[in-house]
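# Structural overview for review
So the chains spell out like this:
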Amino acid sequence: MRRQERHFNDELNLAVHDSAVRTGLCAGVSMVLVFITWLFVANRVPSSEKFALERNVVTASILAILFMVPVVRFMWHAGRLLTASLVSWWVFSFAYRLLCIGFSALSERYTPMRVFTLGSVVCMILATLSWIVTVIWRTRESHMASHHRVSHSNHHV
């Protein structure tokens, strides 16, 4: 039992010190704070109803920007991008689930599982696109480097 605990602690320590996990946690917590703020303003500040469309557009924009933080940070590292974006989305989805307890209308529109699934699919698509672009870029660089070596060696003959 002691050995399993030590192994779990080692794994947890590695995860916490991983930049992709930390980035995902920070982005996820930031998205949760923005969402909670929006939720309370929308439901507890009646005067904000006059600006509902603007309020919702601004909130959605901020959430999108925060969601893109892991994407921009790890754009050329598909595995780390996937890790960071899935961690951030898991944090957001978990908080969304908890918020559904207090705000039942949330789950009427989007269930927590649907929120998690939609976000996860977007994360996977972005990571896949990152991987494809990286493979193309590296292949192109490799081709250019070998072409340069061949043409350079022909000049010395």
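Now for a quick tour of the structure. (Residues numbered from 1 in each chain as written. Predicted model: local features only at pLDDT ≥ 70, side-chain atom pairs only at ≥ 80, totals over all residues. Heavy atoms only, no water.)

## Digging into the packing of helix 2 (residues 19-44) against helix 3 (residues 52-73)
To keep things clear, this is the line we draw: Helix axes are fitted to C-alpha atoms over the stretch in contact, other axes to C-alpha atoms as well, and angles between N-to-C directions run from 0 to 180 degrees. Per the convention used, a helix needs a DSSP run of H or I reaching at least four residues, while a strand needs a run of E reaching at least two, with both numbered from the N terminus. Small angles under 35 degrees read as roughly parallel and large ones over 145 as roughly antiparallel, with 65 to 115 read as roughly perpendicular and the rest as oblique. Contacts between residues were defined by any pair of non-hydrogen atoms, one from each residue, lying within 4.5 Å. When residue character is reported, Ala, Val, Leu, Ile, Met, Phe, Trp, Tyr, Cys and Pro are called nonpolar, Asp, Glu, Lys and Arg charged, and the others, Gly included, polar.
With their axes 9 Å apart at the nearest point, helix 2 and helix 3 run at an angle of 175° to one another. Regarding the angle of helix 2 to helix 3, the classification is roughly antiparallel. Residues Ser-19, Thr-23, Ala-27, Ser-30, Met-31, Val-34, Phe-35, Trp-38, Val-41 and Ala-42 of helix 2 touch helix 3, and the partners they reach there are Arg-55, Asn-56, Thr-59, Ile-62, Leu-63, Leu-66, Phe-67, Val-69, Pro-70 and Arg-73. Of the residues belonging to the contact of helix 2 with helix 3, the class tally is 13 nonpolar, 5 polar and 2 charged.

## A word on the pattern of salt bridges
Note the threshold: By convention in these notes, a salt bridge is any Lys or Arg side-chain nitrogen within 4 Å of a carboxyl oxygen on Asp or Glu.
Under the criterion given, the structure shown has 1 salt bridge. As a salt-bridge pair, Asp-18 and Arg-80 come within 3.1 Å of each other at their nearest N and O atoms. Here Asp-18, found in the loop between helix 1 (2-16) and helix 2, pairs with Arg-80, found in helix 4 (residues 78-102); they are 62 residues apart in sequence, far enough to count as distant.

## Brief notes about the side chain of Ser-120
Structurally, the position occupied by Ser-120 is in helix 6 (residues 112-155). Setting aside chain neighbours within four positions, we find Ser-120 in contact with Leu-86 and Trp-89.

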